[in-house]
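# Descriptive structure summary
Listed below are the residues making up each chain.
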Amino acid sequence: VSRPLPEDDLIRVYRETIKPLYGYVSRRVGGDLGLAEDLVQETWLRALDSWPARGMPGEPLAWLIRVARNALVSHFRRIRAVPVDPATIDLGDTRFSPDTPDAAATIGWGLARLRRRHADVLEAFYFEGQSVSEIAAARSLSERAVEGRLRRARAQLKKKLDRIVRPSAAAGRRVARMGNDDA
Amino acid sequence: MRKAHEPTEEFVERLQWQVSREIRRRNRALDAPRGLQTSRVRLTLAAVALMLASMGIGAAGTAAAYQAQIKERRDQLTATFDQRAALARQRLLLVTSELEATERRVAVGVANNAEVLEGRIKVAEARAQVKSIELQIEEIRITGLEPRSEISAPRVSGRDFVTERLRIEMSVPETVAALERARVKEAETRVSVGVADPTEVEAARVRVLEVEVALETLGK
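Residue numbers run consecutively from 1 along every chain, following the written order of its sequence. Chain letters and ligand numbers both follow the written order, the letters beginning at A and the numbers at 1. pLDDT decides what is reported in this predicted model: residues at 70 or higher carry local features, side-chain atom pairs at 80 or more are listed and counted, and totals for whole chains, interfaces and linings draw on all residues regardless. To obtain the side-chain values, all non-hydrogen atoms of the structure were used and water was disregarded.

### Things to note about the interface of chain A and chain B
Operational definition: Note on definitions: a residue-residue contact is assigned when non-hydrogen atoms from the two residues lie within 4.5 Å. Note: buried area is the sum, over both parts, of the accessible area (probe 1.4 Å) each one loses when the two are combined. One speaks of a salt bridge when a side-chain nitrogen belonging to Lys or Arg is within 4 Å of a carboxyl oxygen belonging to Asp or Glu.
Counting residues at the interface gives 25 residues for chain A, matched by 22 residues for chain B. Taken over both partners, the interface formed by chain A and chain B buries close to 2200 Å², and the fraction arising from carbon and sulfur atoms is 64%. Sorting the residues of chain A by area buried against chain B places P4, E7 and Y14 of chain A first, and these three jointly supply 23% of that buried surface. Our count for the contact surface shared by chain A and chain B stands at four salt bridges. The shortest N-O distance in the salt bridge between R24 of chain B and E7 of chain A comes to 2.7 Å.

### What about the nonpolar core?
A general feature of soluble globular proteins is that nonpolar side chains tend to end up buried together. The condition that has to hold: To define a nonpolar core, start from buried Ala, Val, Leu, Ile, Met, Phe, Trp, Tyr and Cys residues and group those joined through side-chain atoms within 4.5 Å. In this scheme, a residue with accessible area under 20% of its type's maximum is buried, one over 50% is exposed, and one in between is partly exposed, where area comes from a 1.4 Å probe on protein chains only. Each helix corresponds to a stretch of at least 4 residues labelled H or I by DSSP, and each strand to a stretch of at least 2 residues labelled E; elements are numbered beginning at the N terminus.
Of all hydrophobic cores here, the largest spans 33 residues; its most connected members are V40, W44 and W51 of chain A. Only α1 (7-28), α2 (33-54) and α3 (60-78) of chain A together with α1 (9-107) of chain B provide two or more residues apiece to this core. At nine residues, α1 of chain A tops the list of elements feeding residues into this core. When sequence neighbours within four positions are dropped, the list of residues in contact with V40 of chain A reads I18, L21, Y22 and V25 of chain A together with F11 and L15 of chain B. Counting 28 residues, the second-largest nonpolar core is a separate cluster that includes A124, V132, A136 and V165 of chain A.

### Thoughts on the packing of α1 of chain A against α2 of chain A
The relative placement of two packed helices is expressed as an angle between their axes plus a distance between the axes. Residue and element names in this part refer to chain A. Under the convention used in this document: All axes here are fitted lines through C-alpha atoms, helices being fitted over the stretch that makes contact, and every angle between N-to-C directions spans 0 to 180 degrees. Roughly parallel means an angle under 35 degrees; roughly antiparallel means over 145; roughly perpendicular covers 65 to 115; every other angle is labelled oblique. For a crossing to be left-handed, the near helix must be turned anticlockwise from the far one by less than a right angle; the clockwise case is right-handed. When residues are grouped by polarity, Ala, Val, Leu, Ile, Met, Phe, Trp, Tyr, Cys and Pro land in nonpolar, Asp, Glu, Lys and Arg in charged, and all others, Gly among them, in polar.
The interhelical angle for the contact between α1 and α2, taken along N-to-C directions, is 140 degrees, at an axis separation of 10 Å. With respect to each other, α1 and α2 are oriented oblique. Seen along the crossing, α1 lies across α2 with a hand that is right-handed. Here L10, V13, Y14, T17, I18, L21, Y22, V25 and S26 of α1 lie close against α2, whose contacting residues are L33, A36, E37, L39, V40, T43, W44, L48 and W51. Here the residues of the contact of α1 with α2 sort into 14 nonpolar, three polar and one charged.

### Topic: the pattern of salt bridges
Per the stated rule, a full pass over the model turns up 29 salt bridges over all chains. Among the salt bridges present, the one from D162 of chain A reaches K158 of chain A, with a minimum N-O distance of 3.8 Å. A relative accessible area of 34% means that D162 of chain A is categorised as partly exposed. Where E180 of chain B meets R207 of chain B, a salt bridge forms, and the shortest distance between an N and an O atom there is 3.1 Å. Here E180 of chain B, found in helix α3 (residues 161-192), pairs with R207 of chain B, found in helix α4 (residues 198-219); they are 27 residues apart in sequence, far enough to count as distant. For E180 of chain B, a relative accessible area of 7% puts it in the buried group. Exposure remark for R207 of chain B: the relative accessible area of 31% places this residue in the partly exposed category. Taken together, the shared-partner salt bridges connect R27, R28, R69, E123 and E128 of chain A into one network.

### A closer look at a nonpolar patch on the surface
Formally: In this analysis, a patch consists of residues with relative accessible area above 30% that form no salt bridge, clustered at 9 Å for like charges and at 5 Å for the nonpolar side chains Val, Leu, Ile, Met, Phe, Trp and Tyr. Here, Shrake-Rupley sampling with a 1.4 Å probe gives the accessible areas, and only protein chains in the shown set may cover a residue.
A cluster of nonpolar side chains, namely V48, M51, L52 and M55 of chain B, defines an oily patch on the protein surface of about 390 Å² accessible area. Relative to the elements of secondary structure, M55 of chain B occurs in helix α1.

### As for the layout of surface pockets
All names here are of chain A. Our working definition: Points on a 1 Å grid over protein atoms alone make up a cavity when a 1.4 Å probe fits among them but cannot get out, and a pocket when they form an open set with protein on both sides within 12 Å along at least five of seven lines; lining residues each have an atom within 4 Å of a point. Grid points are joined across faces, edges and corners, and a volume is the space filled by probe spheres set on the points.
By volume, the largest pocket is sized at about 240 Å³. Lining the largest pocket are 17 residues; nearest its centre among them are V82, P101, D102, A105 and T106. Of all the secondary-structure elements, those providing two or more residues to the lining of the largest pocket are α3 and α4 (101-111). Per element, the largest residue contribution to the lining of the largest pocket is five residues, and it comes from α4. Looking at the lining of the largest pocket residue by residue, the class counts come to twelve nonpolar, two polar and three charged. Roughly 180 Å³ of internal volume is contained in the second largest pocket. Ranked by the residues each element gives to the lining of the second largest pocket, the list is headed by helix α5 (residues 116-126), at four residues. Broken down by class, the residue content of the lining of the second largest pocket amounts to four nonpolar, one polar and eight charged.

Next comes the structure, spelled out in structure tokens:
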């Protein structure tokens, strides 16, 4: 049964969560303003659909971030893969950070096609800028386990991205077709 | 200046306005349906009650009309068949008195036995007709319909009126057969004393045979 939500409470939650939520989304789209705003708006509309019926969650930000992540995955699974210059993506370099819209789109495209446990550690590493020890602490894992998981996750991501990280135009066209097949 | 990955003030205000407007709209929609839902439930219940009442009244009316129709038809048929029964009874009284008169004439020797036999046949026919009509009236009182005469007609309240009437009607040829047999004996007596021609006996026997064949056919 749907119940009316007090507007004041909702606006208070909105004010408290909008910045962290936006930041979460924005980092994953490389600061693409329009895309980040669309995804944040979509997330809040989903909240307005769900909360009157189920009630406001105890941790609204966690709920919003989970929904935003699903929206991001849906977005990256839907979009067409664009061929990427290998010079812009170097997964082997620990200093690499997908901080441009193109790089974030490429990494996001690949992460959306990985298993959740692999995507999770890579997101924390690339988009949240967390160190191995921070990732391990947040997930109650040993640093060694996190390093192993990061290594395997990078290998999986590289395998996915190998299909689009090609310099030639012909390869790019072929990869674009493959990307469409995946989507 | 806006920091990286921070929303613009314009976006934050715009989305807040959208969220406020949307939540107000949804809250209004939730409030309105509550009243509407109650009234909808009431309306639905009222409609269902009205429908059931209408159906009940309609069914009762139809049943009453049907019952009245059946009663009217029953009364009309009963009246008709009562008249027929009264006529049949009068006829029975008439033929019975005629038979008694014939018997008296035979006793004083001014009439012969053949006339008595004819009279007895008429009485048997009239009695059978009275009984048959009485049975038809019984059937009408139960069904409210015209009495049926087909062999395939269904039983009415466990009674087979068709067979009962056939048995009554069969009693007439049986009486005729008995009387024809008596006529043969009488003819034989008259032939034995030489007051009648033997052909008269043969003719009587042929009539007996004819009646018996007719009876056998009816029995089948």
